[in-house]
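Chain residues, written in single-letter form:
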Amino acid sequence: MARGKLRIHLGAAPGVGKTYAMLSEAHRRVERGTDCVVAFVEHHDRRRTEVLLHGLELVPRRELEHRGGVFTEMDVDAVLARHPQVALVDELAHTNVPGSRNAKRWQDVEELLAAGIDVVSTVNIQHLESLGDVVESITGVRQQETVPDEFVRRADQVELVDMSPEALRRRMAHGNIYRPDKVDAALSNYFRPGNLTALRELALLWVADRVDEYLKQYRSEHRVSAIWGSRERIVVGLTGGPEGRTLIRRAARLAEKGAGGEVLAVYIARSDGLTSASPRELAVQRTLVEDLGGTFHHVVGDDIPAALLDFARGVNATQIVLGSSRRKAWQYVFGPGVGATVARDSGPDLDVHIVTHEEAARGRGLPVARGARLGRRRIVLGWLVGVAGPALLAVLLSSVHLGLANDMLLFLAVTVAAALVGGLLPALASAALGSLLLNYFYTPPLHRWTIADPKNIVAIVIFVGVGVAVASVVDLAARRTHQAARLRAESEILSYLAGSVLRGETSLEALLERVRETFGMESAALLERADDRAPWSCAGHVGLGRPVRRPDEADVDVPVGDRMALALTGRVLPAEDRRVLAAFAAQAVVVLDRRRLQEEAEQARALAEGNRIRTALLAAVSHDLRTPLAGIKAAVSSLRSDDVAWSEEDRAELLAGIEEGADRLDHLVGNLLDMSRLQTGTVTPIIREIDLDEVVPKALGGVPDPEESVELDIPETLPMVAVDAGLLERSVANLVENAVKYSPEGAPVLVAASAMPGRVEVRVVDRGPGVPDEAKERIFAPFQRYGDAPRGAGVGLGLAVARGFAEAMGGTLDAEDTPGGGLTMVLTLRAAGPLPQPAGQHAAAATAPHGVPPDGPSADGPSADEPPADGHSPDPERQAAW
């Protein structure tokens, strides 16, 4: 069955009209004959939204009982049985009521999509998982209800429902979002103009990134090479000289002027060695561009202007930043330079900035390494010198005859010049032509191709030999220079590979993109197969078009063993490039193996942790839970026996034993459930401002004889703390019970509280045997008993649960030595000061499942993904179910 398509209406804040837009889309589809149903939509008593529900088929919701109340959730089974073409599911980040099939609504949506049902849903930008920290810094509220970014990115369509902050506040003031009695509180807290503007910017930028991904995919599939200036991308051409830092900073300032601008610094290493670069300076510039949020790229190209333009068009750049040439004025006789050539060939769709700097026109700091082969220009010039030079010299000497020896030296000088400029072949031509001219014009008998004096024959032979020798030396030097430049470029690439190994980089796509950029290819793919007869599959692919399916379809393929190959498309590479390409291929295989090993290690770690928990739970059930059950069963059997006439005292003692065993079972099961909640991350505290003297005394209910075994010192002048009352009560109860267990008789446990700057500390002090420093952290691990505690003393979860609850509330729990002997548990909590907005209320609304309001079902409150507008706090006891 084909997977359904997901369309998401994304908003910056509650009330912008996401649900209204979704219902309007549903009406349009129904009018076109599409089978569309409402799986779950909450209108929150907004009249215009409620009206749009008329005329749409509603799938009945599922009713769930929770803590004495009845709540409704989307009935996934009913929607699957109905199997419409399109289902409307509101509030994608919603947390389902306990007892539902899935914990999150987006997981329900995943089931509908897998069944082939198209889904239209809504979500606010603050509920994207990756933006949690950013939203918290803006609004002061940590969103507990989130949806994974990857799930939203996989949506087939993401539509932004936008509204200006002023318009949204007007809607709020007119009563179109919340009830009139909640409007003032909402406008002065969450719906402040600054908050709404920042959230709107987040939504716009997120959608812009998503659109950019669509554009890249489209250009790749349709092989579009022309530049589309939809976003400012600035390419900085680096030479490795000191001016590179100035260019990078200038490009960063240009990128800041346009929203979403990118900086891509590129260094092009010429294989002919015409560019010299300092490796240390390049490393500094790489660090600088990465610190400024850009990326660094290393490309090999024979023609620097062409390679730079190809790279710019390949990344869809809109601007190129180059530095003024460092060449001296006289050096421009050899050509216009890189900057002028790039500006001339850039075309109308690519702007070129030439930036002045202090090194302009000062010459290169490093000697220019001459290149690979001598280059077309030098070869042409060499042939001109080798052919025209002897003829011109013969014309000049026809009027002035200096003697045969001097004439030969002059012709030798021309031959040496041809060798220096053009290499071996122009020098050989110059030597041959010069020897013929010397024989015809200057060697007796004149104007004849014969030589009368044998000594002149020796002189001409020496002349030709010297010319050939000089030309050979020049050509050999050029070849050695080419090899050195080539090896330098290869060493830079190999050093990058070595650095990626040391840095532990595991991104296969990033490595393949580096291969594609380095060799100027259109695409790169790593292919693999199970055996020699199995079909090839693609393990990773970057670049234009679809990945090749077999190595023989690529322009270049490098096998790695019998079952893997690196395949490139774009052009045929020379054989000398395959050595470096083989190193890239080997590294790609290593990266792929490392990534798979990490995935297997994570799975093994999860399995090992699960086995450890199961083993500990088995031990707890086999002994710690079995003991009180055995006692309860024995007492009940005794009471039900007709063979013994029990006295009232005996009957009361047996009933007391049953009650004690039941309490012990309740305590153990409660700790086991709390630890499972902590390990699965389902503890969602409801933060509110409370006084410690309201909670701490309640925590002593499970302690035998609390008046004698516990001493309280909770000053009334302490500031209020921002905590979850239920979690705090459970944490303190576990700490006190643990302290009473190990305290000697007659030494009561002290529970004292004191105020610190910005926090309140609760100390639980006992006079027991204490714990050495090396074991103070171990006692907080699950299923840990310290020392020789008997197995019936519990499963070792009390302190682990206490620390987990403390950290869930934003506090800490640590162990210290008690002066004079014993152990002190220090529970640190956040003090509740005058806050600019009721963060606890927002957090409560963000974490509460839809349909679970403070006092039961209500139709007039905001949705689960919206911040509450008033100052009422939810019921603190609700936390026990989460």
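Quick caveat, the model's predicted, so the values are computed rather than measured.

Quick word on the sheet that holds strand S1 (residues 6-11)
Pairing in this open sheet of 6 strands is parallel, and the strands run S3-S2-S6-S7-S1-S8 from one edge to the other. If you trace the sheet from one side to the other, it starts and ends with strand S3 (57-58) and strand S8 (157-161), each paired once. Summarising the sheet, S1 and S8 pair through 5 bridges and their orientation is parallel. Opposite Ile 8, over in S8, you have Val 158 as the bridge partner. Sheet strands in contact with helix H1 (residues 18-31) are S1, strand S2 (36-40), strand S6 (86-89), strand S7 (118-124) and S8, and its direction is about 165° off that of S7. Sheet contacts for helix H4 (residues 105-114): S1, S2, S6 and S7; angle to S6, the most-contacted strand, approximately 180°.

Here's the deal with the confidence of the model for the protein
On average, residues of the protein carry a pLDDT of 77, and 76% of them reach 70 or more. In the model of the protein, helix H26 (residues 839-847) stands out as the element of lowest mean pLDDT, 35, in contrast to S6, which has the highest, 95. Residue range residues 363-372 is modelled with pLDDT below 50. Its contacts to residues more than four positions away, or to other chains, number 31 contacts.

Some thoughts on a nonpolar patch on the surface
A surface patch of nonpolar side chains, about 420 Å² in accessible area, is lined by Ile 379, Trp 383, Val 387, Leu 425 and Leu 428. At the level of secondary structure, the elements contributing two or more residues to the nonpolar patch comprise helix H14 (376-397) and helix H16 (424-442). By relative accessible area, Leu 425 is classed as exposed at 56%.

With respect to H4
Buried within H4 are the following residues: Arg 105, Trp 106, Asp 108, Val 109, Leu 112 and Leu 113. Across the axial projection of H4, the buried residues extend over an arc of 150°, all falling on one side. Two residues or fewer after H4 comes Gly 116, characterised by a positive phi angle close to 90°.

Describing the packing of H14 against H16
Following both chains from N to C, one finds H14 and H16 inclined at 10°, their axes separated by 8 Å at the closest point. In terms of axis orientation, H14 runs roughly parallel to H16. Of the residues in H16, those in contact with Ile 379, Gly 382, Trp 383, Gly 386, Val 387, Pro 390, Ala 391, Leu 393, Ala 394 and Leu 397 of H14 are Leu 425, Pro 426, Ala 429, Ser 430, Leu 433, Gly 434, Leu 437 and Tyr 442. Class assignment for the residues of the contact of H14 with H16 results in 14 nonpolar, 4 polar and no charged.

A look at the packing of aromatic side chains
A full pass over the atoms with the stated rule returns 1 aromatic pair. With a centroid separation of 5.4 Å and 50° between ring planes, the pair formed by Trp 106 and Phe 151 is classed as tilted. Remark: Phe 151 occurs in helix H6 (residues 149-153) and Trp 106 occurs in helix H4; sequence separation between them is 45 residues. Take Phe 151: its relative accessible area is 3%, and that puts it in the buried class. Above the face of the Phe 40 ring, Arg 105 is positioned so that its terminal group lies 3.9 Å from the ring centre. Seen from the ring of Phe 780, Arg 803 lies directly overhead, with NZ or CZ sitting 3.9 Å from the centre.

Observations regarding the environment of Glu 262
Note on placement: Glu 262 falls in strand S10 (residues 262-269). Considering only alpha carbons, one finds Glu 262 and Arg 233, 29 residues apart in sequence, at a separation of 4.8 Å.

What about the sheet that holds strand S9 (residues 233-238)?
Spatial ordering of the open sheet is given by S11-S10-S9-S12-S13, a layout of 5 strands whose pairing is parallel. If you trace the sheet from one side to the other, it starts and ends with strand S11 (295-300) and strand S13 (351-355), each paired once. Neighbouring strand axes in the sheet, compared pairwise and without regard to direction, differ in orientation by 25° on average. Taken together, the 5 bridges between strand S12 (residues 319-323) and S13 define a ladder with parallel strand orientation. Along S13, the bridge assignment pairs Gln 319 with Asp 351. Strands in contact with helix H10 (residues 244-256) are S9, S10, S12 and S13; relative to S9, the strand with the most contacts, it is inclined by about 175°.

Comments concerning the nonpolar core
In this structure, Leu 112, Ile 125, Val 147 and Phe 191 are the most contacted members of the largest nonpolar core, which totals 50 residues. The greatest single-element share of this core, amounting to 6 residues, is contributed by helix H9 (residues 193-221). Counting 45 residues, the second largest nonpolar core, distinct from the first, contains Ala 733, Ala 739, Val 801 and Met 809.

Examining a negative patch on the surface
Together, Glu 648, Glu 649, Asp 650 and Glu 653 make up a negatively charged patch on the protein surface. Relative to the helices and strands, Glu 653 is located in helix H21 (residues 648-680).

Notes on a positive patch on the surface
Side chains of Arg 249, Arg 250, Arg 253 and Lys 257 sit close together on the surface and give a patch of like positive charge. Along the chain, Arg 250 turns up in helix H10. For Arg 250, a relative accessible area of 32% puts it in the partly exposed group.

Concerning H10
With 13 residues, H10 should cover 18 Å at 1.5 Å per step; its first-to-last C-alpha distance of 19 Å lies within 8% of that length. Regarding H10, the residues found buried are Gly 244, Leu 247, Ile 248, Ala 251, Ala 252, Leu 254 and Ala 255. For H10, the angular spread of buried residues about the axis comes to 160°, placing them on one side.

Considerations on the pattern of salt bridges
Per the counting criterion, the structure on display carries 27 salt bridges. Between Glu 761 and Arg 763 there is a salt bridge, with its nearest N and O atoms 3.5 Å apart. Judged by its relative accessible area of 8%, Glu 761 is buried. The structure contains a network of salt bridges with shared partners spanning Arg 7, Glu 25, Arg 28, Arg 29 and Glu 159.

Here's the deal with the pairing of strand S22 (residues 759-765)
Residues in a regular strand point their side chains to alternate faces of the sheet. A large share of S22 lies buried, amounting to 5 of its 7 residues. As paired elements, strand S21 (residues 749-756) and S22 share 7 bridges and run antiparallel to each other. Bridging across to S22, Val 751 finds its partner in Val 764. Taking the residues that link successive antiparallel strands as the turn, the S21-S22 hairpin has 2 residues, and the phi of Gly 758 there is positive, at about 80°. Bridge analysis of S22 against strand S24 (residues 823-830) gives 7 bridges, and the strand direction is antiparallel. Counted as the bridge partner of Val 760 is Leu 829 from S24.

Conventions used here
Residues numbered from 1 in each chain as written. Predicted model: local features only at pLDDT ≥ 70, side-chain atom pairs only at ≥ 80, totals over all residues. Heavy atoms only, no water. Pairing = 2+ DSSP bridges. Helix = DSSP H or I, 4+ residues; strand = E, 2+ residues; numbered from the N terminus. Contact = heavy atoms within 4.5 Å. Axes fitted to C-alpha atoms, helices over the stretch in contact; angles between N-to-C directions. pLDDT = per-residue confidence, 0-100. Patch = residues over 30% accessible without salt bridge, like charges linked within 9 Å, V, L, I, M, F, W, Y side chains within 5 Å. Areas by Shrake-Rupley, 256 points an atom, 1.4 Å probe, with all protein chains shown as cover. Salt bridge = Lys/Arg side-chain N within 4 Å of Asp/Glu carboxyl O. Buried < 20%, exposed > 50% of the residue type's maximum accessible area, 1.4 Å probe, protein only. Arc of directions from axis to C-beta. Parallel < 35°, antiparallel > 145°, perpendicular 65-115°, else oblique. Nonpolar A, V, L, I, M, F, W, Y, C, P; charged D, E, K, R; others polar. Phe/Tyr/Trp six-rings, centres within 6.5 Å; stacked < 30°, edge-to-face > 60°. Lys NZ or Arg CZ within 6 Å of the ring centre and 35° of its normal. Core = buried A, V, L, I, M, F, W, Y, C linked by side-chain atoms within 4.5 Å. Lys, Arg positive; Asp, Glu negative; His and termini not counted. Charge placed at Lys NZ, Arg CZ, Asp CG, Glu CD. Expected span 1.5 Å × (residues − 1).

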